[in-house]
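# Fold and contact review
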Amino acid sequence: MINAKGYGTKHSFTDLKPVQFEREEAGAHEVEIEVLYCGVCHSDIHQVKNEWSNTVYPCVPGHEIVGRVRKVGAHVKAHAVGDLVGVGCMIDSCRACAPCREGEENYCESPNSWLATYNGPMVPAKEAPNGENIYGRDNTFGGYSDVVVVKEDFVLAIPASLAPEAAAPILCAGVTTYSPLKQWGVKAGDKVGVLGFGGLGHMAAKLARAMGAEVTVFTRSKDKLELAQQLGVTGVLEDDDKALEKLASSFDFILSTVPEKHDVNPFIELLKRDATLCVVGALEPLKPIDNQELAFHRKRVAGSLIGSIAETREVLEFCAEHGIAPEIEIIPIQDVNDAYRKVEKADVHFRYVIDMASLKDEKSEFADI
Ligand SMILES: [Zn+2]
Ligand SMILES: [Zn+2]
């Protein structure tokens, strides 16, 4: 076994604290990675606080991991010791269902769906048919730790031109927005709207702009209007009715990155006939949708969940090629609870990334989990 240290919690109501635990040694097809950086995703906060009612405790979050390969199993071919690599939201899937065979593991239809980097299988044994668990484990521990062990085909090479700390958020925020932009065929000259201007939203804006689209971001925060300008996109306040009225029926595609229940109706009105508004931020019921607006103009509201391993590889290369990187603020792990509070208040520009070397400076004791 490998002794691992990190930050985690046993309950929904406490802050994250220093913890120690054991991980299995790398098997023949697995890679042991020393974690260098891990992004702070809004879904980490949802999970830590059990806001989706599916958290398995103890919880060690983190699924925007960049690190260096420290050891490889006997049959590993894709990665070597010393490689800079990344791990996103998934660490395994069934490999047998139709979506898996078609390279869309993020839509795995096996009884347990895919295996998440933390919090175990997406469908736990107690909710699976026959109570089965094809992965043989109910919980997994993520990247807020000094080491992870992952199957080689769920490990991504980080292109040399990307700074390791900036590559981390591409592994969730990047691919979650890249996948729908690609799926709905966003191309040069398209008008693309992005609802919500946080970690996901700012990546969506950068990616769509690099695809040649004319991008408008909708935000609740006045001071983010200037940040939009700095990124070369148009900023509009979400509640500026006059501005929204002028934009009616003008968008080819709108991506909503708002991470909670919200009203998409005012933005459906901004779509052209036949255009789609895709929701990636919220995993809960939205405010009721006015079907009259959809029906009268054959508009669509859709959803999309992260992206496949192939798309994660693609978005890393796309970012390297176009010189795109997330806007990040590096923090020591000891500041992670404060960072959560700021993310909840949307008071972050735009993604916190934990420098995992800070674990070595930990002054508190690491509790067993
Ligand atoms: Zn995430
Ligand atoms: Zn599958």
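Let me begin by describing the structure that accompanies this report. (Residues numbered from 1 in each chain as written. Chains lettered and ligands numbered in written order. Predicted model: local features only at pLDDT ≥ 70, side-chain atom pairs only at ≥ 80, totals over all residues. Heavy atoms only, no water.)

### Let's talk about a negative patch on the surface
- Together, D239, D240, D241 and E245 line one region of the surface with negative charge.
- Tracing the backbone shows D240 in the loop between β12 (234-237) and α7 (241-246). (Patch = residues over 30% accessible without salt bridge, like charges linked within 9 Å, V, L, I, M, F, W, Y side chains within 5 Å. Areas by Shrake-Rupley, 256 points an atom, 1.4 Å probe, with all protein chains shown as cover. Salt bridge = Lys/Arg side-chain N within 4 Å of Asp/Glu carboxyl O. Lys, Arg positive; Asp, Glu negative; His and termini not counted. Charge placed at Lys NZ, Arg CZ, Asp CG, Glu CD. Helix = DSSP H or I, 4+ residues; strand = E, 2+ residues; numbered from the N terminus.)

### Focus: the coordination of the zinc ion (ligand 2)
- With distances of 2.3 to 2.4 Å, the protein atoms coordinating the zinc ion (ligand 2) are C94 (SG), C97 (SG), C100 (SG) and C108 (SG).
- Classification of the site at the zinc ion (ligand 2) as tetrahedral follows from its four donor atoms and the range of 105 to 118° in their angles at the metal.
- In the primary structure, the donors to the zinc ion (ligand 2) are separated according to the pattern C-x2-C-x2-C-x7-C. One end of the pair, C97, is in the loop between β6 (90-92) and α2 (98-101); the other, C108, is in the loop between α2 and β7 (115-116), and eleven residues separate them in sequence. (Donors = N, O, S within 2.8 Å, 3.2 Å for Na, K, Ca; no water. Tetrahedral: all angles 85-135°; square planar, octahedral: opposite > 155°, others 65-115°.)

### Examining the coordination of the zinc ion (ligand 1)
- Bound to the zinc ion (ligand 1) on the protein side are C41 (SG), H63 (NE2) and C172 (SG), at distances that span 2.0 to 2.2 Å.
- Site description for the zinc ion (ligand 1): donor spacing in sequence, C-x21-H-x108-C. With a gap of 131 residues between them, C41 in the loop between β3 (30-39) and α1 (42-48) and C172 in the loop between α3 (164-167) and α4 (173-183) connect regions that are remote in the sequence. One exposure class covers both C41 and C172, and it is buried. (Buried < 20%, exposed > 50% of the residue type's maximum accessible area, 1.4 Å probe, protein only.)

### Things to note about the nonpolar core
- Judged by nonpolar contacts, the single largest core of 98 residues is most densely connected at Y144 and L207.
- A per-element tally of this core places helix α5 (residues 199-210) first, with six residues.
- Counting 19 residues, the second largest nonpolar core, distinct from the first, contains V258, F267, I268 and A275. (Core = buried A, V, L, I, M, F, W, Y, C linked by side-chain atoms within 4.5 Å.)

### Considerations on the packing of aromatic side chains
- Tallied over the full model, the rule gives six aromatic pairs.
- Between the aromatic rings of F197 and F350, the centroid separation amounts to 4.9 Å while the plane-to-plane angle is 55°, which identifies the pairing as tilted. Residue F197 is found in the loop between β10 (191-195) and α5, and its partner F350 is found in the loop between α11 (336-344) and β17 (351-355); the two are separated by 153 residues along the sequence.
- Take F197: its relative accessible area is 3%, and that puts it in the buried class.
- Residue classification places F350 among the buried residues on the basis of a relative accessible area of 4%.
- An aromatic cluster of three or more residues is present, and its members are F218, F251 and F267.
- Here K191 stacks its cationic end above the ring of F251, 5.1 Å away from the centre of that ring. (Phe/Tyr/Trp six-rings, centres within 6.5 Å; stacked < 30°, edge-to-face > 60°. Lys NZ or Arg CZ within 6 Å of the ring centre and 35° of its normal.)

### Considerations on helix α10 (residues 309-322)
- Taking 1.5 Å per residue, 14 residues should reach 20 Å; α10 reaches 20 Å between its end C-alpha atoms and fits that length.
- Taken residue by residue, α10 has I309, E311, T312, V315, L316, F318 and C319 as its buried positions.
- Residues of α10 that are buried in the fold lie against β6, β9 (156-157), α3, α4 and α5.
- Looking one or two places after α10, you find G323, whose phi comes out positive at around 60°. (Expected span 1.5 Å × (residues − 1). Contact = heavy atoms within 4.5 Å.)

### A few points about the pattern of salt bridges
- Taken as a whole, this structure holds 17 salt bridges when the rule is applied.
- Across the pair R95 and D153 runs a salt bridge, and its minimum N-O distance is 2.7 Å. Residue R95 is found in the loop between β6 and α2, and its partner D153 is found in the loop between β8 (147-151) and β9; the two are separated by 58 residues along the sequence.
- For R95, a relative accessible area of 39% corresponds to the partly exposed category.

### With respect to the side chain of D44
- Mapped onto the fold, D44 is located in helix α1.
- Despite being buried, D44 has no salt bridge partner; R351 is the closest side chain of opposite charge, sitting 7.1 Å away.

### Overview of the sheet that holds strand β13 (residues 251-256)
- Spatially, six strands are ordered β12-β11-β10-β13-β14-β15 in an open sheet, and the strand pairing comes out parallel. Here the strands that pair on one side only, and so sit at the sheet edges, are β12 and β15 (300-303). The mean inter-strand angle of the sheet, taken between neighbouring strand axes irrespective of direction, is 20°.
- Across four bridges, strand β14 (residues 271-279) lies against β15 in parallel orientation. Across the sheet, residue C278 finds its bridge partner in β15, namely A302.
- Strands in contact with α4 are β10, β13 and β14; relative to β13, the strand with the most contacts, it is inclined by about 155°. (Pairing = 2+ DSSP bridges. Axes fitted to C-alpha atoms, helices over the stretch in contact; angles between N-to-C directions.)

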